[in-house]
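Geometric and topological summary
Given next are the chains, with one letter for each unit.
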Amino acid sequence: MNLIRRERLLARVQQSQVTLLIAPSGYGKTVLLAQLAEETGTAAVRLDFREVGNDLHTLVSDLADALSLSAPSVAEAVKAANTGRPLSAKQLAQQLTPLSPTLFLLDHAERLSRDNELWLVTLMKLLPAQHRLLMAARHWPSAEVASLVASGQVHVLGPEQLAFDAHEVTQLAATQGRQQDTELEAQHGWPMGVALTVAGAYGHSAGDLIRALLGSLPMELQRALPFLAPYDLWTPYLPDLLGLKVPDDWLGLLINQRLPLLQQGGAVQPHEQVLTVLDEQLRLQRAVWQATYRQAAQTALTQDQPLQALNLLIHAELSQEALAAAEQIMPALFQRSQFRLIREMVARLPSEGVAASPTLSEVYGLSLIETGQAMAGGKQLQHLAQRPETRARVLPYLAHSSFMQSRQKEALELIEEAKLHWSTLSAKQQVFLLTTEGNLIRDTDSDRETALEKHLAAVTLAERTHQESALGAALIALNVTYLQLARTDDALNAAMRAYEIFDRLGQSGRLPIPLLNAAILHGTLDKVDEAEELLRRALSISEEQQTSTTTNIYFALGGVALKKAQFDEASTSFMKGIEQARLSNQPDMEFLSQALLSETARAQFQHTEADRQLALTESLLERHPQLTEIPTLTTLLRFQRGQRAWAQGDRDGALGFFHNYPTDSGELAEWAARARLYVAQIHFEQGRLEQAHLDAFMELHRQGKSRLYLNLDLPLLRPVLQEAVRRGWYADELADYAFGRSEARRRVFVRTLGRLELTVDGEPLPLTGASRARAQELLALMALLPPATSAELQRTLIGEDRGDHRNALQTLRTSLAQATGIEQPVVQDDQRRYTFSGELDVRTDLDELRRATRLRNLMLIRRILGGDTAFLPGLDRPWAADLRDTEVPEALHAAYRVLGTEALERGALAEAATHFETMQRLFPEADTLRTLIELYRGLGDPGRQQDFERDLARL
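Residues numbered from 1 in each chain as written. Predicted model: local features only at pLDDT ≥ 70, side-chain atom pairs only at ≥ 80, totals over all residues. Heavy atoms only, no water.

For the chain, the name recorded in an unreviewed UniProt entry is AAA family ATPase, with Deinococcus arboris as its organism.

Below, the structure written as C-alpha cells:
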C-alpha cells in the first residue's frame, strides 16, 4: 500500500514539546510516528505499549531497553535505579536531564493502566526542555491531561486534524492514477478508508474491511448492530432501549475489534462508513428497514431533534411522512433564517410533493432567493403565482426576485399588481412589498427621498404589527437609503438595530447584511481596519449559510483593499465577487465588480488589462439590457470611460465624460468628486486652471467623510493639487495630498515666510531653556535641510566663530519632548547627523520648494525675506557660497506667489502688487497680468493699470 508524507502534521508536531495523537483506529497515528522517527535529526526512542506489561516497574524497564540503543549509559542508570521500588517519573526526568536532545515516540497508550497513565502525565510535566514526546492512543480519559492541554503544556491532534484533507486525498489517489470521486468523499478523510479505497488492498475496499471486522464479532452482536444504523451516537444502553440483545461489554468488543469508533465519554460515535455498511445489511428487508428508521425518527422528535427525524424519514424513502414533517419543520427554520439548510433538505424531497404544498413551495422559493439563486427561486414561486388562490400572497416575493435579477420593469409591474390586493396581504407581506418598492425607486429613479418615505413606512408598519423579522429587513433597506443620502449616523443606527433583531431572533442567515452595511459605513469614514474585520465576520457567516450577500461582501472587501492600496487583494476580491455574481445570477453586482476590477488595474498603470476589463463591463450591458435602467451603473461606467480616454491621451474626450458628472449619485459621490478633480487637472495641463475648478472639487470633497478615496488618483492628479497649494487655494486641506501624507504621531509646522513661527498640532510650541531664539532657527534649519552634522549646524546656524549651537539643540530637544511626549524628538543617524525622530511629522510652508530644489532654495528664500533678517545668518559664510550664487527662478516665482496671495488676504494691495510684479518679471503669465490690472485699478493708479493692459495684449 502506498503511503504519503504527512507534511502538514509533521510541521504541526514540531510546534510543541509534548503532543498527543488521539483518534480511532485507522487514522494514521502509528504511520505518523514512523515518519517522524525517520525524519528527525535527533535520537528517537520508540515504545509500543502493546508489548509492555501493565505494571509500572515493567514500563520503566522497557523504556530503559528502548533507550539503550541511543544512550546506553543512561539506560543502565535507569535500570539500576528501577530495582526494588519502581523509578518515579521525577527521578527519570532527572536521569534524562544530561541526555542530548531525544524524541520519545510512544504508541497504543490506551493499553496503559491507571497508575501508568498518572506516571506518564507526571513525566510530561517534568520532561527536560531539550526533549520532545509524542504519544498515540485511541482514547485517553485522564483528566490530568486535559488540564495540561488547557494550560498549553500539551498539544493534541484529534480525528479532525489527523484525517486526510482534500489535498492529501488527491495526493494519495494520484499514486494509483485515480481522481477524486464519491467513494473517496464517503470516507470523510478516514486515512485507512481512503488508503484502502485507493489501493484496493488485497482486492478489498474500505467497506469490505468493515464487513470483515463486523463478521468476526459474536453472532448475537452481528444480528443486533444493523438496527443501530439510524443512530450516530451509541451509548451502552441503546440496545436495551431498542429491545435488542447484545453481550454485556458490546462496546468494548467493538473497540477492541479496531473499528473506526470515536470514543466520547462512555459512548462511541461510529464512522459513517460503519453506518453505511450496517444500513446496507438492514436494507435487505425493506419493511424492517423502514420500520427501524421510522422508530428512530420518532425517538428524534421526542428528543427535540426535528431535522434528524426528517433526515431519517427521507433516507428511508418514507416520502409522505417526510413531506408532512417538512411542512411542520421548514417554516420554523425559515424564521431562523436557515436558508441553506432548507434548500438542501427540500431538494431531497419528491419535487411533485413540494409543488403540491403551498407552504413548502413558498419557503423553498424564498430560501433559494436568499441564498443567491434568484432565478430558481422565482421559478419555484411561479408555481404558486399560477394558482388564483395563492397568486396574491407571492406577488411581493416575485417582485423581490425580479428586482434581485435587475429586471426592474417586471418588478414594478408585479408591485403595482400586488397593491391591488393590499387588503388581502398579511402584515409581513405588506412590509415586504413596501421595502421592495422603496428599493426599486431608489435604485432606478434615484429618487431617494421617495424611497426613504417607503422604507420609513415599512419600518413603522412592522413595528406596529410586531413583525420583527420583516422589521429587520426593512431597516437594512432603510440603512442603504440613509447611506445614499449621506446621513451616516442614521444609517449606522438602522444597521445596528437590524443586527440586534436578527441576533435576538437567531436568524444567523440574515446577520451578514447588517454587518456588511456597518462595514460600508466604517469604510466611508476611512476606518478600513474595522470595516475589514466586520466584512470578514460577515463573509464567514455568509459562506457557511450560502447567502446571496456573499457577492456584496466580496465587492466591499475589494473596495476596502483599494483604499488601503492593496491592489492584489482588491483584484482577488473583485474576481471572487464576479464569480459569485454569475453563480447567483446578479448581473448588477457582476457589473460593479467588473468595473472596479478595471479601476484596480488602472491604478497600477496596467492600462491594457484595465481596457480589457472595461470592455467586459460594457459587454454586460449587451447581455443584460435591463442594467441600463440603473443610474448607478451607467454613472460609474461614465467615469470608467473617462479614465480610459485619459489613459489614451485623449484629454478632450476625457473631459467630455468628466464634465457635468452627476453629483447626486449617492454611493458614487466619491466618484463625482474625483471626476471634478480630473476636470481641474485637464484645465491645468491646458493652462486654463481657475480657482472655480478647485471650488467645484472642494464642494464635494468636503461633503464626504473619506479622505482615502483619492489615493487611487494621486499619481495622476497630484500636479493640479500642488499647483492649488502653490496658489494658496485650500492649502491647509490639500497639502497632504499634494506633497504626501506622513503617518507620524505628532505634527510640527514651521512657518518661515514673513515671521518665523513654530506649532505642534496647531498650537504654539513653548520653548523652555537658554537660546530660545536660536532653538527656533535650529528647528527651521533642520526642517529645511537634509540631516546635518554638528559642525554643519554650527556653521549654518551661528557661524564658525560665534558661540555654540549645542545650547540651542538642548533647548529644542527639551521643548519638543515636553510638548509632544516623545522621549527623543531629535536623534542622530549612523553618520552622526542630526534629524527628527520618526514619531514627528515636521513640515514647513516651503516644503514644495524644498522638494523641488532642496538646499538651493535657502538662499533665495532669505533674499525674499530681506537682507537685514537674522534668519540663518550662517548663509553669509563661505560654506554657503554655492547657494548664494545659484539662481532658481521657479522657486522664486512660487515664493512670491505665496507672499502676494497672503498680502491680498490681508488687504495690503500695494505690497501684493510688488510681489506680483516680481513674479511677472520672472515668468510673464496672463493670469498674473490680470491680477496686476485689478490691483492697480483698486489702488487708483490708471497709468500702471494701462501699462499692464498693454502687456496683456502683447502677450
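**Thoughts on the overall build of the chain**
If you tally the helices and strands in the chain, you get 51 helices and 13 strands. Relative to the compact-globule value of 30 Å for 955 residues, the chain shows a C-alpha radius of gyration of 39 Å, a clear excess of over 25%. For the chain, the C-alpha atoms occupy an extent of roughly 125 × 90 × 50 Å along the three principal directions. Classification of the 955 residues of the chain by burial places 51% in the buried group. Within the chain, counting contacts between residues at least 6 apart in sequence, those at least 24 apart form 63% of the total. Accessible surface computed for the chain: about 42900 Å², of which carbon and sulfur atoms make up 50%. In the chain, 97 positive and 120 negative side-chain charges are present, and the distance between their average locations comes to 2 Å. (Helix = DSSP H or I, 4+ residues; strand = E, 2+ residues; numbered from the N terminus. Rg over C-alpha atoms; globule rule 2.2 N^0.38 Å. Buried < 20%, exposed > 50% of the residue type's maximum accessible area, 1.4 Å probe, protein only. Contact = heavy atoms within 4.5 Å. Areas by Shrake-Rupley, 256 points an atom, 1.4 Å probe, with all protein chains shown as cover. Lys, Arg positive; Asp, Glu negative; His and termini not counted. Charge placed at Lys NZ, Arg CZ, Asp CG, Glu CD.)

**Points about helix H16 (residues 272-282)**
What H16 keeps buried is the set Gln273, Val274, Leu275, Val277, Leu278, Asp279 and Leu282. Looking at the buried residues of H16, the elements they touch are helix H12 (206-215), strand S7 (267-270), helix H17 (286-302) and helix H18 (306-315).

**Overview of the pattern of salt bridges**
Under the definition given, this model contains 47 salt bridges. Here Glu410 and Arg407 are joined by a salt bridge, their closest N and O atoms 2.6 Å apart. The partly exposed category is assigned to Glu410, whose relative accessible area is 30%. In this structure, Glu934 engages Arg937 in a salt bridge whose closest nitrogen and oxygen atoms are separated by 2.5 Å. (Salt bridge = Lys/Arg side-chain N within 4 Å of Asp/Glu carboxyl O.)

**Describing the packing of helix H36 (residues 631-647) against helix H38 (residues 669-685)**
In contact at an axis separation of 11 Å, H36 and H38 are set at 25° when each is read in the N-to-C sense. By the angle between their directions, the pair H36 and H38 is classed as roughly parallel. The two elements H36 and H38 meet at a crossing, and its hand is left-handed. Contacts between H36 and H38 involve Leu636, Phe639, Gln643 and Trp646 from the first element and Trp671, Arg674, Ala675, Tyr678, Gln681, Ile682 and Glu685 from the second. (Axes fitted to C-alpha atoms, helices over the stretch in contact; angles between N-to-C directions. Parallel < 35°, antiparallel > 145°, perpendicular 65-115°, else oblique. Left-handed = near helix turned anticlockwise from the far one by under 90°.)

**Concerning the packing of aromatic side chains**
Summed over all chains, the structure comprises 11 aromatic pairs. An aromatic cluster of three or more residues is present, and its members are Phe639, Trp646, Phe658, Tyr661 and Tyr678. Stacked on the ring of Trp646, the Lys or Arg Arg651 has its end atom at 3.7 Å from the ring centre. Positioned over the ring face of Tyr936 is Arg944, at 5.7 Å from the centre of the ring. (Phe/Tyr/Trp six-rings, centres within 6.5 Å; stacked < 30°, edge-to-face > 60°. Lys NZ or Arg CZ within 6 Å of the ring centre and 35° of its normal.)

**Section: the environment of Ala556**
Inspection of the secondary structure puts Ala556 in helix H32 (residues 549-563). Residues Ala556 and Ser593, 37 residues apart in the sequence, show an inter-C-alpha distance of 9.4 Å. With sequence-adjacent residues up to four places away left out, Ala556 is seen in contact with Leu516 and Leu535.

**Here we look at the nonpolar core**
Of all hydrophobic cores here, the largest spans 97 residues; its most connected members are Leu225, Trp234, Trp250, Leu254, Leu310 and Met330. In terms of residues, this core owes the most to one element, helix H19 (residues 319-335), which gives 8 residues. If near-sequence neighbours (up to four positions away) are discounted, Trp234 is found in contact with Leu225, Leu228, Trp250, Leu251, Leu254, Ala267, Val268, Pro270, Val274, Leu275 and Leu278. (Core = buried A, V, L, I, M, F, W, Y, C linked by side-chain atoms within 4.5 Å.)

**Considerations on the pairing of strand S4 (residues 132-137)**
Judged by how many residues are buried, S4 sits mostly within the fold: 6 of 6 residues are covered. Here S4 shows no split at all, with Arg132, Leu134 and Ala136 on one side and Leu133, Met135 and Ala137 on the other all buried. The pairing of strand S1 (residues 18-22) with S4 spans 5 bridges and is classified as parallel. Bridge pairing in S4 links Leu20 to Met135. (Pairing = 2+ DSSP bridges.)

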